[in-house]
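Structural overview
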Amino acid sequence: MIRTDNLCRRFHVGDSWVHALDSVDLAIDEGDFVAVMGPSGSGKSTLMNILGCLDTPDDGRYRLLEQEVELLDDAELSRIRNVHIGFVFQSFHLLPRLTAVENVMLPLRYSNTDLLQARQHAEHLLTRLGLDDRLHHKPNQLSGGQRQRVAIARSLVNQPPLLLADEPTGNLDSKTSDEIMELFTELNRGGQTILMVTHEDEIATYARRLIRMRDGKIEDDSLN
Ligand SMILES: Nc1ncnc2c1ncn2[C@@H]1O[C@H](COP(=O)(O)OP(=O)(O)O)[C@@H](O)[C@H]1O
Ligand SMILES: [Mg+2]
């Protein structure tokens with residue numbers, strides 16, 4: 001599903017260059033569940049952003065689902081982001097004025113789904129994630145775990161083959177974190193490919209494979 005060769009990303013900071021990614025070779029198969037760990041600043045988010053087509057490498061190649069990502073134009077990239085990739089962030093990124101259902105429906109606005117169908121699909125997903133009694137609540141009326149469930153529902157609404165999550169439990173207490181990880185496990189059992197960044201060992205134990213990064217490089221990549 002994913003293959004990178006010699007992926008490099010550097011940033012000019014002050015008078016010097018920071019090598020956020022330094023020649024990363026990575027292959028991820030369909031159905032995998034991968035945790036990415038490593039100290040702060042080791043390049044985890046930079047890697048996720050490139051894999052999610054939110055950022056482009058300075059060097060190297062990235063193939064996603066048989067497509068050479070660096071050859072795609074902006075329109076094709078945004079189509080890939082919308083159709084093939086679901087994102088979950090530490091800080092949820094929900095729109096505060098919209099209800100749970102409306103937040104989940106958002107990605108469907110850019111596809112040609114009709115509104116009634118979109119609403120039913122969003123309600124169905126939220127119900128599946130245990131939020132059937134919170135459909136019409138706004139984010140500030142929901143707990144952290146409920147907000148993250150809404151964000152996960154939104155990320156899955158287009159049925160993307162790849163789910164990317166950058167510290168998805170970073171703002172959650174440990175009980176709620178475990179619930180989110182059980183949800184990820186269940187999604188993965190259903191075939192969802194998942195790549196998540198975490199700095200917590202306990203969260204990483206849910207994944208099947210563990211990648212450790214340091215100084216922009218993959219230091220270790222092994223089964224969990
Ligand atoms: N937009 C940017 N501009 C300058 N430096 C950046 C930028 N993004 C990331 N970096 C630097 O690249 C390195 C890796 O960052 P990041 O991928 O966010 O690490 P992590 O997610 O593992 O904490 C860090 O040294 C960070 O300061
Ligand atoms: Mg980060």
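Attention in this report is confined to the structure presented alongside it. Treat the numbers as computed from the prediction; the structure is a model and nothing was measured.

Some thoughts on the environment of Cys8
Tracing the sequence through the fold places Cys8 in strand E1 (residues 2-13). C-alpha separation for the pair Cys8 and Pro57, spaced 49 residues apart in sequence, amounts to 5.7 Å. Look past the residues within four positions of Cys8 in its chain and what remains in contact with it is Leu21, Asp22, Ser23, Pro57, Asp58, Asp59 and Gly60.

Here we look at the packing of helix H3 (residues 100-109) against helix H5 (residues 144-156)
Following both chains from N to C, one finds H3 and H5 inclined at 30°, their axes separated by 7 Å at the closest point. Regarding the angle of H3 to H5, the classification is roughly parallel. As for the relative orientation of H3 and H5, their crossing is right-handed in sense. Contacts between H3 and H5 involve Ala100, Asn103, Val104, Leu106 and Pro107 from the former and Val150, Ala153 and Arg154 from the latter.

What to know about the packing of H3 against helix H4 (residues 115-128)
Relative to each other, H3 and H4 sit at 120°, their axes nearing to 9 Å. One finds that H3 runs oblique with respect to H4. The way H3 lies across H4 gives a crossing that is right-handed. Across the interface between the two elements, Ala100, Val101, Val104, Met105 and Leu108 from H3 touch Ala118, Arg119, Ala122, Glu123, Leu125 and Leu126 from H4. Among the residues forming the contact of H3 with H4, the class breakdown is nine nonpolar, no polar and two charged.

Regarding H3
Counting buried positions over the 10 residues of H3 gives seven, a clear majority of the element. Turning to H3, its buried residues are Ala100, Val101, Asn103, Val104, Met105, Pro107 and Leu108. In this fold, the buried residues of H3 make contact with helix H2 (74-84), H4 and H5.

Quick look at the site of ligand 1
Close contacts around ligand 1 come from Phe11, Val13, Val18, Ala20, Gly38, Ser40, Gly41, Ser42, Gly43, Lys44, Ser45 and Thr46, and that covers them all. Those elements giving two or more residues to the shell around ligand 1 turn out to be E1, strand E2 (16-28) and helix H1 (44-51). Among the elements that make up the shell around ligand 1, the one with the highest residue count is H1 (three residues). Partitioned by chemical class, the residues of the shell around ligand 1 number four nonpolar, seven polar and one charged.

Conventions adopted
Residues numbered from 1 in each chain as written. Chains lettered and ligands numbered in written order. Predicted model: local features only at pLDDT ≥ 70, side-chain atom pairs only at ≥ 80, totals over all residues. Helix = DSSP H or I, 4+ residues; strand = E, 2+ residues; numbered from the N terminus. Contact = placed C-beta atoms within 7 Å. Axes fitted to C-alpha atoms, helices over the stretch in contact; angles between N-to-C directions. Parallel < 35°, antiparallel > 145°, perpendicular 65-115°, else oblique. Left-handed = near helix turned anticlockwise from the far one by under 90°. Nonpolar A, V, L, I, M, F, W, Y, C, P; charged D, E, K, R; others polar. Buried ≥ 20, exposed ≤ 12 C-beta atoms within 10 Å, placed from the backbone. Near = placed C-beta within 6 Å.

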